[in-house]
Amino acid sequence: MSRPIFKVDSFTDKPFAGNPAGVCLLDAPRPDPWMQSVAAEMNVAETAFLAPRKDGFGLRWFTPTAEVDLCGHATLASAHILWEEGIVAPDAEARFHTRSGLLTARRARTAIALNFPAEPVAAAEPPPGLASALGIPFTFCGKNRMDYLIEVADESVVRSLVPGPGALASMPARGVIVTARASMPKADFVSRFFAPAVAVDEDPVTGSAHCALAPYWGAKLGKTAMTGYQASPRGGWVGVRWNGDRVDLEGRAVTVLRGTLVV
C-alpha cells in the first residue's frame, strides 16, 4: 500500500536551510520497527509519522536510531504538510496527540505557531566528561528531562564550538544545548544542539530545545517574547513566547520533496 512521504525544511523560508524533517502520512498506526526502518531510510534528524484520530492526529517522531519524546521541527513540518495538502482547513487548528501530550499548531501570519510544553532546566552538576567533550569553559549547567543546557560567555564561543561527538554520545541525556546571549541583530539568544546519543551529531534547528531556552532566557532577560537563532551551518530562526508552563514556537517551512512510500 502506497503512503505519501515528504521532506520539509523547517524554521526557514528558503529551501536547503533550516532543519530537514521527514513527514509520513498514514491511514492507520504502523508497527514501531517499520517506522524506525523508514526513519533510518530517510536519514534526517527526525521523521514524523501521522495517523488520523477522531480529534486530530497521532504523531510520533523517530531519529534514524530511536524514538524521541518531543520534536519541534518535525511537528512544524507536519502542520505545514497538513495545510499545504488540504488535509486540514486553512483556518483550522492542527492537533497532535504525542508522547508529550497534546500539541497544537495554528497559522500565524506567514508563519506557523506551535504550542508546546515548557521544559525548564534546573541547575545541575555537569556529568563527567562534558567539559572535556565541549572543550570550552561555561558559566552555567542545567538539565531537564531530556537535555543538558550549557551557557557560555558569548555568541562567538557558541559559533566556534567543535565538540567531540563520541564523548557527547556517552552523556546521560538526549542531547546538549549550548547557548549564549546574542550579539547579532534581531536575536535575543543563540544556540546549538548536539545529540549524538540518538544519531544526530548536530541538529540544525531544534524546536524542542527552545522549550528550555525560552524559560531560561526569559527569566534572565525579563522577557516573554524573544527570538532565538540556532547557529548551526544551516542555521534557522525560532520565535518564542513563554507562557509559564507552555511555550509558543513560531517558524516557517518549505517543502523540498514529495514522494510515495511503496513498502
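Scroll up to find the structure.
Here goes a summary of the coordinates provided. (Residues numbered from 1 in each chain as written. Predicted model: local features only at pLDDT ≥ 70, side-chain atom pairs only at ≥ 80, totals over all residues. Heavy atoms only, no water.)

All right, on to the overall build of the protein chain then. When helices and strands are counted, the protein chain shows six helices and 18 strands. Against the 2.2 N^0.38 benchmark of 18 Å for 263 residues, the protein chain shows a C-alpha radius of gyration of 17 Å, consistent with a compact globule. Seen along its three principal axes, the alpha-carbon backbone of the protein chain occupies a region of about 55 × 35 × 30 Å. By residue count, 57% of the 263 residues in the protein chain fall in the buried class. Across the protein chain, the fraction of contacts at a sequence separation of at least 24, relative to all contacts at a separation of at least 6, is 63%. Carbon and sulfur atoms form 54% of the exposed surface of the protein chain, whose accessible area is close to 10,800 Å². Across the protein chain, 26 positive and 26 negative side-chain charges occur, with their mean positions spaced 3 Å apart. (Helix = DSSP H or I, 4+ residues; strand = E, 2+ residues; numbered from the N terminus. Rg over C-alpha atoms; globule rule 2.2 N^0.38 Å. Buried < 20%, exposed > 50% of the residue type's maximum accessible area, 1.4 Å probe, protein only. Contact = heavy atoms within 4.5 Å. Areas by Shrake-Rupley, 256 points an atom, 1.4 Å probe, with all protein chains shown as cover. Lys, Arg positive; Asp, Glu negative; His and termini not counted. Charge placed at Lys NZ, Arg CZ, Asp CG, Glu CD.)

Right, let's talk about the nonpolar core for a bit. Ranked by size, the top nonpolar core spans 54 residues in total, and within it Trp61 and Phe96 carry the most contacts. Looking at which element gives the most residues to this core, the answer is helix H2 (residues 72–84), with seven residues. Among the nonpolar cores identified, the runner-up in size contains 23 residues, and Leu134, Val152, Ala173 and Val190 belong to it. (Core = buried A, V, L, I, M, F, W, Y, C linked by side-chain atoms within 4.5 Å.)

Quick look at the pattern of salt bridges now. Taken as a whole and judged by the stated rule, the model has 18 salt bridges. Several salt bridges converge on common partners, so that one network encompasses Asp32, Arg60, Glu67, Asp69, Arg99, Glu119 and Arg145. (Salt bridge = Lys/Arg side-chain N within 4 Å of Asp/Glu carboxyl O.)

Within strand E13 (residues 189–195), seven of the seven residues are buried, which leaves the element mostly enclosed by the surrounding structure. Along E13, one buried face is formed by Phe189, Ser191, Phe193 and Ala195 and the opposite face, lined by Val190, Arg192 and Phe194, is buried too. Two strands pair when backbone bridges link them, and strand E12 (residues 175–181) and E13 are joined in this way by six bridges, in the antiparallel orientation. Bridging from a neighbouring strand, Val176 pairs with Phe194 of E13. Bridge analysis of E13 against strand E15 (residues 225–230) gives three bridges, and the strand direction is parallel. Paired with Val190 across the two strands is Tyr229, which belongs to E15. Hairpin connection between E13 and strand E14 (residues 200–203): a loop of four residues separates the two successive antiparallel strands, and Ala199 in this loop has a positive phi of roughly 70°. (Pairing = 2+ DSSP bridges.)

A few words now on the environment of Ser10. Its place among the elements puts Ser10 in strand E1 (residues 3–10). Between the C-alpha atoms of Ser10 and Thr75, which are 65 residues apart in sequence, the distance is 9.2 Å. If we skip the residues at most four places from it in the chain, Ser10 touches Gly18, Asn19, His73, Leu76, Ala77, Arg252 and Ala253. Here the side chain of Ser10 touches His73 through a polar contact of 2.9 Å, landing on its backbone oxygen. (Polar contact = N/O pair within 3.5 Å; in protein donor to acceptor, adjacent residues only side chain to side chain.)

Across its 13 residues, H2 extends 18 Å between first and last C-alpha, which sits within 8% of the 18 Å expected from 1.5 Å per residue. Most of H2 sits inside the fold, with 12 of its 13 residues counted as buried. Buried within H2 are the following residues: Gly72, His73, Ala74, Thr75, Leu76, Ala77, Ser78, Ala79, His80, Ile81, Leu82 and Trp83. One or two residues past the end of H2 sits Gly86, with phi positive at roughly 75°. (Expected span 1.5 Å × (residues − 1).)

The next point concerns the side chain of Glu151. Tracing the chain through its elements places Glu151 in strand E11 (residues 147–151). Of note is the side chain of Glu151, whose polar atom sits 2.4 Å from the side chain of Tyr216. In this structure Glu151 touches Phe138, Thr139, Phe140, Thr179, Tyr216, Trp217 and Lys220, once residues within four positions along its chain are discounted.

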